[in-house]
Amino acid sequence: SAVISQKPSRDICQRGTSLTIQCQVDSQVTMMFWYRQQPGQSLTLIATANQGSEATYESGFVIDKFPISRPNLTFSTLTVSNMSPEDSSIYLCSVKTGPTYEQYFGPGTRLTVT
Amino acid sequence: GQQVMQIPQYQHVQEGEDFTTYCNSSTTLSNIQWYKQRPGGHPVFLIQLVKSGEVKKQKRLTFQFGEAKKNSSLHITATQTTDVGTYFCAGIRSNDYKLSFGAGTTVTVRA
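One structure accompanies this document, and this report is about it. (Residues numbered from 1 in each chain as written. Chains lettered and ligands numbered in written order. Predicted model: local features only at pLDDT ≥ 70, side-chain atom pairs only at ≥ 80, totals over all residues. Heavy atoms only, no water.)

## As for the state of the cysteines
- For the structure on display, the rule yields two disulfides over all chains.
- Between the sulfur of A:Cys23 and that of A:Cys93 lies a disulfide, 2.0 Å long from S to S. The chirality of the disulfide connecting A:Cys23 with A:Cys93 is right-handed, given an S-S dihedral of about 70°. Here A:Cys93 lies in strand 9 (residues 89–96) and A:Cys23 lies in strand 3 (residues 19–25), a separation of 70 residues in the sequence.
- You can call A:Cys23 buried: its relative accessible area is 0%.
- You can call A:Cys93 buried: its relative accessible area is 1%.
- With its sulfur 1.6 Å from that of its partner, B:Cys23 forms a disulfide with B:Cys89. One quick way to see it: the torsion about the S-S bond of B:Cys23 and B:Cys89 is about -95°, and its sign makes the bridge left-handed. Residue B:Cys23 is located in strand 3 (residues 19–25), and its partner B:Cys89 is located in strand 9 (residues 85–92); the two are separated by 66 residues in the primary sequence.
- Judged by its relative accessible area of 0%, B:Cys89 is buried.
- This cysteine, A:Cys13, is not joined by any disulfide, and A:Cys93 carries the nearest cysteine sulfur, 17 Å off. (Disulfide = S-S within 2.5 Å. Helix = DSSP H or I, 4+ residues; strand = E, 2+ residues; numbered from the N terminus. Buried < 20%, exposed > 50% of the residue type's maximum accessible area, 1.4 Å probe, protein only.)

See the structure below:
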């Protein structure tokens with residue numbers, strides 16, 4: 001497993017602004033992911049954060065809206081750009097640590113856009 | 001794209017009773033995982049099933065993977081208040097690493 005922290009834990013933002021969420025892992029991991037979980041809903045994969053290259057986005061998510069960085073094997077950021085109330089959600093990072101496929105999730109960032 | 005369906009969406013259980021949540025995929029899965037999310041918490045990995053027909057147990061929890069590797073179930077016996085939360089199944093296709101989550105079953109327990 002891995003110990004994952006996220007900053008901030010929550011934020012309230014005005015529409016039109018941007019927020020950058022940080023994800024820090026206590027060990028080097030092979031893969032990092034970003035998910036969105038809207039209130040009372042399931043998890044939707046936004047993108048896979050690739051170390052040293054551009055993130056791989058899922059259908060419905062684009063780099064201009066959700067730019068992602070992964071400068072090393074323990075850290076990644078997700079920016080939610082030009083926010084609207086529809087972006088209000090919990091954003092979670094997760095990691096895959098080894099050859100098996102289970103993922104370990106960070107505590108999440110609860111974003112409210114007003 | 002891959003769809004993982006999960007039912008029921010809500011399960012209200014009397015303490016001490018059993019219940020089952022079911023997942024069904026539109027495509028064959030290479031493996032399926034189960035996660036538990038407590039209210040206000042984040043998903044926590046419970047188990048992974050890989051083999052056709054596989055059955056695994058964790059104390060009062062029994063996990064099954066169907067013979068065709070398209071469906072799975074989680075059965076909890078003698079439900080306790082500590083079982084409260086949302087249980088998600090998540091499937092992985094062959095040659096892929098991405099999880100496709102079911103809608104989740106939210107469990108509440110009446111004492």
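Having seen the structure, we can now continue with the description.
## Quick notes on the environment of A:Asn72
Residues and elements named next belong to chain A.
- With respect to the secondary-structure elements, Asn72 resides in strand 7 (residues 68–72).
- Overall, Asn72 belongs to the partly exposed group, its relative accessible area being 31%.
- Asn72 sits 40 residues away from Thr112 along the chain, and the two C-alpha atoms are 29 Å apart.
- Polar side-chain contacts of Asn72 include one of 2.9 Å to the backbone nitrogen of Thr74.
- Engagement of the side chain of Asn72 in a polar contact is seen with the backbone nitrogen of Phe75, the distance being 3.0 Å. (Polar contact = N/O pair within 3.5 Å; in protein donor to acceptor, adjacent residues only side chain to side chain.)

## Re the interface of chain B and chain A
- If you look at the interface, chain B gives 17 residues, while chain A gives 19 residues.
- Taking both partners together, chain B and chain A bury about 1,500 Å²; carbon and sulfur atoms supply 59% of that area.
- At the surface where chain B touches chain A, the tally comes to one salt bridge.
- Taking the shortest distance from any N to any O, the salt bridge between B:Lys98 and A:Glu58 comes out at 3.1 Å.
- The interface formed by chain B and chain A contains five residue pairs in polar contact (both at pLDDT 80 or more).
- Sorting the residues of the side of chain B that touches chain A by element identifies strand 4 (31–37), strand 5 (44–49) and strand 9 of chain B as the ones contributing at least two each.
- With four residues, strand 4 of chain B is the single largest residue contributor to the side of chain B that touches chain A.
- Looking at the side of chain B that touches chain A residue by residue, the classes come out as nine nonpolar, six polar and two charged. (Contact = heavy atoms within 4.5 Å. Buried area = accessible area lost by both parts, 1.4 Å probe. Salt bridge = Lys/Arg side-chain N within 4 Å of Asp/Glu carboxyl O. Nonpolar A, V, L, I, M, F, W, Y, C, P; charged D, E, K, R; others polar.)

## So, unusual backbone geometry
- Going from A:Lys7 to A:Pro8, the amide bond is cis rather than trans, its omega being -10°.
- With respect to the helices, strands and loops of the structure, A:Pro8 is situated in the loop between strand 1 (4–7) and strand 2 (10–13).
- The backbone of A:Asn82 shows a phi angle near 45°, a positive value even though the residue is not glycine.
- As for its position among the elements, A:Asn82 is in the loop between strand 8 (75–80) and strand 9.
- Classification of A:Asn82 by relative accessible area gives exposed; the value is 54%.
- For B:Ala78, which is not a glycine, the phi torsion comes out positive at approximately 50°.
- Its place among the elements puts B:Ala78 in the loop between strand 8 (71–76) and strand 9.
- On the basis of relative accessible area, B:Ala78 is assigned to the partly exposed category, the value being 34%.

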